[in-house]
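# Descriptive analysis of the structure
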2 protein chains.
Amino acid sequence: MFHIGRLSTVDLDEDITPEEDAVRSKPKEIPHNEKLLSLKYESLDYDNIENHLFLEEERRMGHMSFRCLEISRWVICGLIGVLTGLIACFIDIVVEKLAGVKYVVVKKSIDKNTEIGGMCISLILWAALNSAFVMVGAIIVAFFEPIAAGSGIPQIKCYLNGVKVPRVVRLKTLMVKVCGVICSVAGGLAVGKEGPMIHSGAVVAAGVSQGRSTSLKKDFKIFEYFRRDTEKRDFVSAGAAAGVSAAFGAPVGGVLFSLEEGASFWNQLLTWRIFFASMISTFTLNFVLSIYHKKTGELSSPGLINFGSFDLKYNIYEIPLFIVMGAIAYGCVNQMVSRRYVHRPCLQVMEAMLVAAVTATVSFAMIYFSNDCQPLETQKSSEDYSLQGFCADGEYSAMATAFFNTPERSVRSLFHSPAGTYKLETLGCFTLVYFFLACWTYGLTVSAGVFIPSLLIGAAWGRLFGIMLPYIALNPSVFTDPGKYALMGAAAQLGGIVRMTLSLTVILVEATGNVTYGLPIMLVLMTAKIVGDYFIEGLYDVHIKLQSVPFLHWDAPATSHSLTAREVMSSPVTCFNRVEKVGTIVDVLSNTSTNHNGFPVIIQTPGKLCGLILRSQLIVLLKHKVFVERARSRLRQRKLQLKDFRDAYPRFPPIQSIHVSQDERECMMDLTEFMNPTPYTVPQDTSLPRVFKLFRALGLRHLVVVDDDNRVIGLVTRKDLARYHLGKHGLEELHLAHT
Amino acid sequence: MFHIGRLSTVDLDEDITPEEDAVRSKPKEIPHNEKLLSLKYESLDYDNIENHLFLEEERRMGHMSFRCLEISRWVICGLIGVLTGLIACFIDIVVEKLAGVKYVVVKKSIDKNTEIGGMCISLILWAALNSAFVMVGAIIVAFFEPIAAGSGIPQIKCYLNGVKVPRVVRLKTLMVKVCGVICSVAGGLAVGKEGPMIHSGAVVAAGVSQGRSTSLKKDFKIFEYFRRDTEKRDFVSAGAAAGVSAAFGAPVGGVLFSLEEGASFWNQLLTWRIFFASMISTFTLNFVLSIYHKKTGELSSPGLINFGSFDLKYNIYEIPLFIVMGAIAYGCVNQMVSRRYVHRPCLQVMEAMLVAAVTATVSFAMIYFSNDCQPLETQKSSEDYSLQGFCADGEYSAMATAFFNTPERSVRSLFHSPAGTYKLETLGCFTLVYFFLACWTYGLTVSAGVFIPSLLIGAAWGRLFGIMLPYIALNPSVFTDPGKYALMGAAAQLGGIVRMTLSLTVILVEATGNVTYGLPIMLVLMTAKIVGDYFIEGLYDVHIKLQSVPFLHWDAPATSHSLTAREVMSSPVTCFNRVEKVGTIVDVLSNTSTNHNGFPVIIQTPGKLCGLILRSQLIVLLKHKVFVERARSRLRQRKLQLKDFRDAYPRFPPIQSIHVSQDERECMMDLTEFMNPTPYTVPQDTSLPRVFKLFRALGLRHLVVVDDDNRVIGLVTRKDLARYHLGKHGLEELHLAHT
């Protein structure tokens, strides 16, 4: 009943040739629609193509070769960790330097011009500096690599899920991302540099593990064994974990992030390697920063953001309060998502500059008009949180402290400042203003993360909550410390926006360094997720849906047992014979209306399945002209090796770029040696959850549906499974679209 | 070439009827041989049997029912956490009370009798008290439930791996385990109470999740949906995690332990629930203990063992030293494993008592003959580590502190006591003596863990190493604190013995509360594992091998690509027709020589596969006499429901207990409705790694091998895959044995 008579599943080829690539610097305009499922995304194949060539190679390899491969994997993971850590250091140090210069200039100007007219000059100076930084950041993103916009976490989620997002793990993307983050953070936008670290780590991993850079046209001729989706995806998991680890000083959280988002098949050794990359990454960051801060060997900054250690105890009766906080934190997503999209790069840059200028102006106004001056002695912390602002000597301005600092420092100040540091009104104003700034900033065409603004907003209203508690409580003396409410508010807000659960709990526990906070943080995040999911999905999921990505969740929808493979599969399927005419193959591949990526190979007469071959393989075969002539003058085909396939990976040329002459069209191609002779199959009566489980557990790309006689009757791909989801009215089906 | 012409795979039924159970109180004498693979172990089935009954039920269930089920799962996990935490509290408090009483009695006696003759009386009193405790512990284990001996971790590893170890998750086992642990720890043996917590948690989970106790003959009629292997195993994972969490205050470590040992298929929601159980468990323990210690709400003891927080910094040049420590830590396993096995229960009890007496005597002698008296003021810690022993007033005996304390306190003292607390000779003696005691104690018929003695030995020689460093270093001033070497020694020793990696790192990091120690601990554990694996496998793995358990590792052996399903599978396979004669079924099930557990169902004429049915299902069908008479007088079979199968789970009666009359033998049975109509299949040319991956990722029990025409030609079970392993001379094959 859910079966729609469409012709066939199309697993569209979106490989872009370098030529196409060059002319296409702005993103395709996709009609965003969450009721559609785009066909433009290719899937990654987590299943090994165990064809003759592969098996031959594996059988030739001895015990020692496998050990060497294993050692290479460890070396690569170590490299990923070191490089990711160094990138994090680079970002951190450059941002600090740039922001330092900016602050010094602005502060000097303020100190010089204390009268109103002078104030305007300072304000304009500040706004201009910010806009300049942001302009640079926006220009490189908008004009050179639009995929580097935002945090990149939704894209990495998709990649780890098994969807090939174009250009997401390229060197150029990394470059733009790193420079973009530096510019937008130094430009004082309400953004963080943590999210982009995850993307950066993933790109590093994808680059290092392949032993070459296609962008730089440099092939080191190493790690060739790892040039396939299976291996690459494992390394990208490690890279993402290393990124999380460097961002938050949370190596275990990093591992769990990768596992939560990606690896459905848990492998002990793989996880262990991911953990190694994470550890090395946080250690590198820690070590380099400790040298930079001239405290060599002290290892006190394991991540880009450190919450400082929480020694506060909480009481069991505070847990319900924490849970209440979790329940009120879902608000931001709507605002963030409802941002309209500006599509022309020039306008995007202008908009980013405008936001930067407004941010500076608003901050300035807030500092100027608030008079929350506190005596300096209440500030006992050794760190330089306090800023004098427009206060008298010996005092500092709480508002200036909240606005003029880097957001990381503001978060820490909100967590750890003693009670009484912030006035109610100051915090209230700050929360509101920062909330609107963050929502406006989100979605700008700059590289920036949403973690830190979320934490800051959450910490601010959490502290507000903590400050107000004594006024309404029966026994005010027990609510003396608003710091832990700031922490819970931060957790709730972040959880309400990104809806990560397991990994976020561990990340926050690792960042606070206090395991007893685990349970309340977990309860807060769970509440935030449950309540939030009732209204709208998480920010990343909404984005994935808006992009119409065929994203596979962990399980099939609960009520989908009524569907079987027969109803889910695409049919009829284009099949090839074991020995097929070259012309037929070229015609099928060139047919843009049915742009298949996988073809079952059958034995002609009874139509029985005997293998599966991919478009990319056929392309390589055509390119190398692996033909048997009809006249059988050359009896043997040209011998191809696995190396030829690996060299072409991952940017296989499109069929249009391969010239096949009329004579060659009459030749035959013997696919026996290249096809996967034992593709996974399911009978047609298999229930959808069962198909789903097989598909997801093994990370498949194509699953052949056969009848009782082993004849091909359909093919299940990612889109066929991602179509079904549980809506408000039971099982719903998305439509497929060629957008 | 590896194919041995054996008749068929036998997946032996080892279900024990209550009657058998009663007469069999001592363990079967199994000829331990690590070159064999026992056939006595049944496998767990992680694959749902999606037969008509199941699908009908699922299709009937609405969206809300699935939500209720999900809530039940959470409730169960919460219950598991609470109960596991309470058990940990119970053990902790009772041990403390008993040990307290014992110490008071012995100390009084020592204080009274200071002359030599009186000393003997004190010694005898001490030895007698210890022996008495250990006797009780040994008797209940040896006579009532031998499977409760040891830590239970190898058994839980097997269970999570998918092997049904008989009687391992029963209520009786839990009872014996808890009492046994209390007795052996209170009896002063060189054992810990942490390992058994993991087993206890698992039993709690298996009990709670089924909503009934077969031992107590009490069925609460709840959670009936969860009465199958798939669900039960998930809950047991949660229980094991909760156990780890309570033992070490390491909820994340607990989750990773469960995942490392069990779940090959990572499911986000499941992991989240496991984490929840872990969190609740450590929280319960913490909360109850804080009430017990009259510091309500302070939450300062998250686990049975707490390392105390490590604030020491380490330097990067110390890491190679740590790695060296890791490399020298594999020694203990050989000694432990080489213990001969005493099989008669009486002798086992006597041996345990002997060890207890010897332990007391040796400790006493060591305290008496050492004169490592230290002034009390060097001991700054607030905890009562110091014991006067035979020292003058105002001093305390370091040896007495090491021996007379609970091992948990001794470990903490070794980690945190300031430099100079222990003399070289004291530590040296202690390490040696404790090492031999621990090795002798290991393998006694008592419930006890190996974690704490390993930690203690490691901490002792680690501290020794740390104390000796300044003597050999060029610049002694940098090695001022031996405490961190004690930690690394403890990690190395534990890693060298149990060879856990990921989870152990996280457990230790959580127990020390310092994430910067993550990298060195990880490197130490890796070194310990790599060096150790070169000589002998880990303690748990050796035990699993000695028991000939068909344990599936994460991947197929690297060099096994040359094998295909055809060579690996068992054939010929006993198949049934869709409508089969009752007599045939009874005969096949009764045939003890081919004690199959799973039978493909075929369509007679072409022999095509159409389903798979399990022995347990057939037993239930026979018991309920679900027959179609030949004469077709009753056209419809008696309707069976899923409930009938669930009620019989997991202790299905043996075929011998089912009476089938001669008339009934002539009836027919229609299996269509009960068989799994879509079993997973592979073609016969599939390589072993591919078969392995499918089998492992989906947690299968039977995998049908079919030919091109979908005809059954073989069956792959766990034993067929576990047989192959990588030995010193390449791929080796274990033999199957009916032991």
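Residues numbered from 1 in each chain as written. Chains lettered and ligands numbered in written order. Predicted model: local features only at pLDDT ≥ 70, side-chain atom pairs only at ≥ 80, totals over all residues. Heavy atoms only, no water.

## Side note on the overall build of chain A
Looking only at helices and strands, chain A has 28 helices and 18 strands in total. Per-residue burial for chain A yields a buried fraction of 64% across its 739 residues. Within chain A, contacts between residues separated by at least 24 positions form 78% of all contacts whose residues are at least 6 apart in sequence. When the accessible surface of chain A is summed, it comes to about 26,800 Å², and 62% of that surface belongs to carbon and sulfur atoms. (Helix = DSSP H or I, 4+ residues; strand = E, 2+ residues; numbered from the N terminus. Buried < 20%, exposed > 50% of the residue type's maximum accessible area, 1.4 Å probe, protein only. Contact = heavy atoms within 4.5 Å. Areas by Shrake-Rupley, 256 points an atom, 1.4 Å probe, with all protein chains shown as cover.)

## Looking at the relation of the copies chain B and chain A
Least-squares fitting of chain B to chain A yields an RMSD of 0.0 Å, with the superposition described by an axial translation of 0.0 Å and a rotation of 180°. With respect to symmetry, the two chain copies, as superposed, fit the operation of a two-fold axis. A shared interface surface links the copies, since 100% of the contact residues of chain B are contact residues in chain A too. (Least-squares fit on C-alpha atoms with pLDDT ≥ 70 in both.)

## Topic: the pairing of strand 16 (residues 724-727) of chain A
With four bridges connecting them, strand 16 of chain A and strand 17 (residues 730-733) of chain A associate as antiparallel partners. Counted as the bridge partner of Leu726 of chain A is Leu731 of chain A from strand 17 of chain A. (Pairing = 2+ DSSP bridges.)

## A short note on the interface of chain B and chain A
Accessible area lost during the coming together of the parts is what is often quoted as the interface size. Contact with chain B, which involves 81 residues of that partner, is made by 82 residues of chain A. Summing both partners gives a buried area of about 7,500 Å² for chain B against chain A, and 69% of it is carried by carbon and sulfur. Where chain B packs against chain A, one counts four salt bridges. A salt bridge links Lys608 of chain A to Asp709 of chain B; the nearest nitrogen and oxygen atoms lie 2.8 Å apart. The interface formed by chain B and chain A contains 20 residue pairs in polar contact (both at pLDDT 80 or more). (Buried area = accessible area lost by both parts, 1.4 Å probe. Salt bridge = Lys/Arg side-chain N within 4 Å of Asp/Glu carboxyl O. Polar contact = N/O pair within 3.5 Å; in protein donor to acceptor, adjacent residues only side chain to side chain.)

## Here we look at the sheet that holds strand 15 (residues 712-717) of chain B
All names here are of chain B. Strand order in the open sheet formed by three strands is 13-14-15, and the pairing between neighbours is mixed. Every interior strand has two partners, whereas the edge strands, strand 13 (681-683) and strand 15, have only one. Along the sheet, successive strands turn relative to each other by an average axial angle of 30°, direction set aside. Strand direction decides the pairing type here: strand 14 (residues 702-706) and strand 15, joined by five bridges, are antiparallel. Note that in strand 15 the partner of Leu703 across the bridge is Val716. Running over the sheet, helix 27 (residues 688-698) touches strand 13, strand 14 and strand 15 and is turned about 145° from strand 14. (Axes fitted to C-alpha atoms, helices over the stretch in contact; angles between N-to-C directions.)

## Some details on the packing of aromatic side chains
Tallied over the entire structure, the rule returns 32 aromatic pairs over all chains. Between Phe465 of chain A and Tyr485 of chain A, the ring centres sit 6.0 Å apart and the planes meet at 40°, which makes this aromatic pair tilted. Of the two residues, Phe465 of chain A is situated in helix 17 (residues 451-472) and Tyr485 of chain A in helix 18 (residues 483-498); the sequence distance between them amounts to 20 residues. Residue classification places Phe465 of chain A among the buried positions, given a relative accessible area of 18%. Overall, the relative accessible area of 1% leaves Tyr485 of chain A in the buried class. Relative to Phe674 of chain B, the ring of Phe645 of chain B has its centre 6.0 Å away and its plane inclined at 50°; by these criteria the two rings are tilted. One end of the pair, Phe645 of chain B, is in helix 25 (residues 642-648); the other, Phe674 of chain B, is in the loop between strand 12 (668-670) and strand 13, and 29 residues separate them in sequence. Judged by relative accessible area, which is 11%, Phe645 of chain B ranks as buried. A relative accessible area of 2% places Phe674 of chain B in the buried class. (Phe/Tyr/Trp six-rings, centres within 6.5 Å; stacked < 30°, edge-to-face > 60°.)

## Some points on the environment of Glu732 of chain B
If you trace the backbone, Glu732 of chain B turns up in strand 17 (residues 730-733). Discounting residues that sit within four places of it in the chain, Glu732 of chain B has contacts with Lys35, Arg723, Tyr724, His725 and Gly727 of chain B.

## Details of the pattern of salt bridges
In the structure shown here, the tally under the stated rule is 53 salt bridges over all chains. Among the salt bridges present, the one from Glu408 of chain B reaches Lys193 of chain B, with a minimum N-O distance of 2.8 Å. Of the two residues, Glu408 of chain B sits in helix 15 (residues 407-416) while Lys193 of chain B sits in the loop between helix 6 (171-186) and helix 7 (195-210), which places them 215 residues apart along the sequence. Residue Glu408 of chain B shares its accessibility class with Lys193 of chain B, and that shared class is buried. Between Asp707 of chain B and Arg711 of chain B there is a salt bridge, with its nearest N and O atoms 3.4 Å apart. On the basis of relative accessibility, which here comes to 13%, the residue Asp707 of chain B falls in the buried class. Through salt bridges with shared partners, a single ionic network connects Glu70, Arg73, Arg228, Glu231 and Arg273 of chain A.

## Considering unusual backbone geometry
Residues and elements named next belong to chain A. Geometrically, the link from Tyr649 to Pro650 is a cis peptide bond, its omega value of -5° lying close to zero. Tracing the backbone through its elements, the reader meets Pro650 in the loop between helix 25 (642-648) and helix 26 (662-665). Look at Arg167: it is not a glycine, yet its phi comes out positive at around 60°. In this fold, Arg167 is placed in the loop between strand 3 (163-164) and helix 6 (171-186).

## Regarding a nonpolar patch on the surface
Residues and elements named next belong to chain A. Nonpolar side chains collect at one region of the surface, where Met135, Val136, Ile139, Phe143 and Phe144 lie side by side and expose about 400 Å² of accessible area between them. Its place among the elements puts Val136 in helix 4 (residues 116-144). Judged by relative accessible area, which is 41%, Val136 ranks as partly exposed. (Patch = residues over 30% accessible without salt bridge, like charges linked within 9 Å, V, L, I, M, F, W, Y side chains within 5 Å.)

## Details of the nonpolar core
Phe275 and Phe415 of chain A together with Phe275, Phe415 and Leu455 of chain B are the most contacted members of the largest nonpolar core, which totals 305 residues. Among residues more than four places away in sequence, those in contact with Phe415 of chain A are Phe307, Phe310, Ala459, Arg463, Gly483, Ala486, Leu487 and Ala490 of chain A. By size, the runner-up hydrophobic cluster in this structure holds 50 residues, among which are Val691, Leu700 and Leu731 of chain A together with Ala556 of chain B. (Core = buried A, V, L, I, M, F, W, Y, C linked by side-chain atoms within 4.5 Å.)

## What about helix 11 (residues 319-327) of chain B?
Buried residues of helix 11 of chain B: Ile319, Phe322, Met325 and Gly326 of chain B, and no others. What you see down the axis of helix 11 of chain B is that its buried residues fit within an arc of 110°, all on one side. Those residues of helix 11 of chain B that are buried lie in contact with helix 10 (268-292) of chain A together with helix 17 (451-472), helix 18 (483-498) and helix 20 (518-535) of chain B. (Arc of directions from axis to C-beta.)

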